[in-house]
Amino acid sequence: MLRVLAVDDEKPLLEELLYLLRSDPRVLSAEGASDATEALRRVTRALESGPDGADAIDVVFLDIHMAGLTGLDIARLLAGFAQPPLIVFVTAHEGFAVQAFDLKAVDYVLKPVRPQRLAEAVRRACAQLGRAEEAPPAAAEPVASPPAAVPPRRPAPEVAVADRAPEQIAVELGGVTRFVAIADIAYVEAQGDYARLHTDEGSHLVRIPVSTLEERWAARGFVRIHRRHLVALSRIDEIRLDAGSTSVRVGSAELQVSRRHARELRDLLMRHATG
């Protein structure tokens, strides 16, 4: 079971997070810290006591925007320890996901926190610590187990955001799930374990690797042009060749094409134009 420290400088949000964590049967203990100084003091004490000590901490659920040191600053400091606790970022801002996963975060949960989404973060932490067998059967809310006669449901998949239907993909922002038509997506940008979907109206971050979307959407005319980019052929406005380098313009964005994809892309565009 997990020993948890939650860190947030907004008291109501910290209390809500602690309530949800303490409601999860996989969490042995959950304590709170309201600023970076207190958080670092608690973690230092935990590391000094050792993994089996009374003050040990397995996972830190960490807000990003706080007075003084940010959550990212704390995570960088903790990374300097020999055996730091796992980090789960809990934030209202989606724009720090790449930095978070560069710091080896287990998960990145957006506020307002939904119980189901927090339960998934706990599951991932258990799995990374080799305690996946302690996870209870998945349920709509982390308040009760299913009757003994009901077989446990399979754990939620690693991909937290899935296709709703063949023509749409679900995206989450601030606890609200909306559905974006795949036909509206011009290109996809890799951002660590996430992918950013670019449409004419804006962009959306989803926890799906670009390689997975490449496989799913190949039949829809999406092609890989670079390790960072997946593009809808129909949304390419022009292709440019300049001193041996290739790029494409998709709306107002100019995207580089890697050498290994350049020839295949030109062939696909010719077939698309003549087909």
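Throughout what follows, the structure given in this document is the object of discussion. Computed from a predicted model, the values in this text were never measured in an experiment. (Residues numbered from 1 in each chain as written. Predicted model: local features only at pLDDT ≥ 70, side-chain atom pairs only at ≥ 80, totals over all residues. Heavy atoms only, no water.)

### Some details on the packing of aromatic side chains
Scanning the entire structure with this criterion turns up three aromatic pairs. Plain terms: the ring middles of Phe 101 and Tyr 194 are 5.2 Å apart, the flat faces sit at 45° to each other, and that makes the pair tilted. Of this pair, Phe 101 sits in helix H4 (residues 97–102) while Tyr 194 is found in strand S9 (residues 194–199), placing the two residues 93 residues apart along the sequence. Taken as a pair, Phe 101 and Tyr 194 share a single burial class, namely buried. Members of the aromatic cluster, joined through ring pairs, are Phe 101, Tyr 108 and Tyr 194. (Phe/Tyr/Trp six-rings, centres within 6.5 Å; stacked < 30°, edge-to-face > 60°. Helix = DSSP H or I, 4+ residues; strand = E, 2+ residues; numbered from the N terminus. Buried < 20%, exposed > 50% of the residue type's maximum accessible area, 1.4 Å probe, protein only.)

### Thoughts on the packing of helix H2 (residues 36–49) against helix H3 (residues 71–78)
Between H2 and H3, the shortest axis-to-axis distance is 11 Å and the interhelical angle comes to 20°. Classified by the angle between their axes, H2 and H3 sit roughly parallel to one another. As for how H2 packs across H3, the hand of that crossing is right-handed. For the pair formed by H2 and H3, the contact residues are Ala 36, Leu 40 and Val 43 on the first element and Ile 74, Leu 77 and Leu 78 on the second. The class makeup of the residues in the contact of H2 with H3 is six nonpolar, no polar and no charged. (Axes fitted to C-alpha atoms, helices over the stretch in contact; angles between N-to-C directions. Parallel < 35°, antiparallel > 145°, perpendicular 65-115°, else oblique. Left-handed = near helix turned anticlockwise from the far one by under 90°. Contact = heavy atoms within 4.5 Å. Nonpolar A, V, L, I, M, F, W, Y, C, P; charged D, E, K, R; others polar.)

Functional significance is not addressed by these values, which are geometric in nature.
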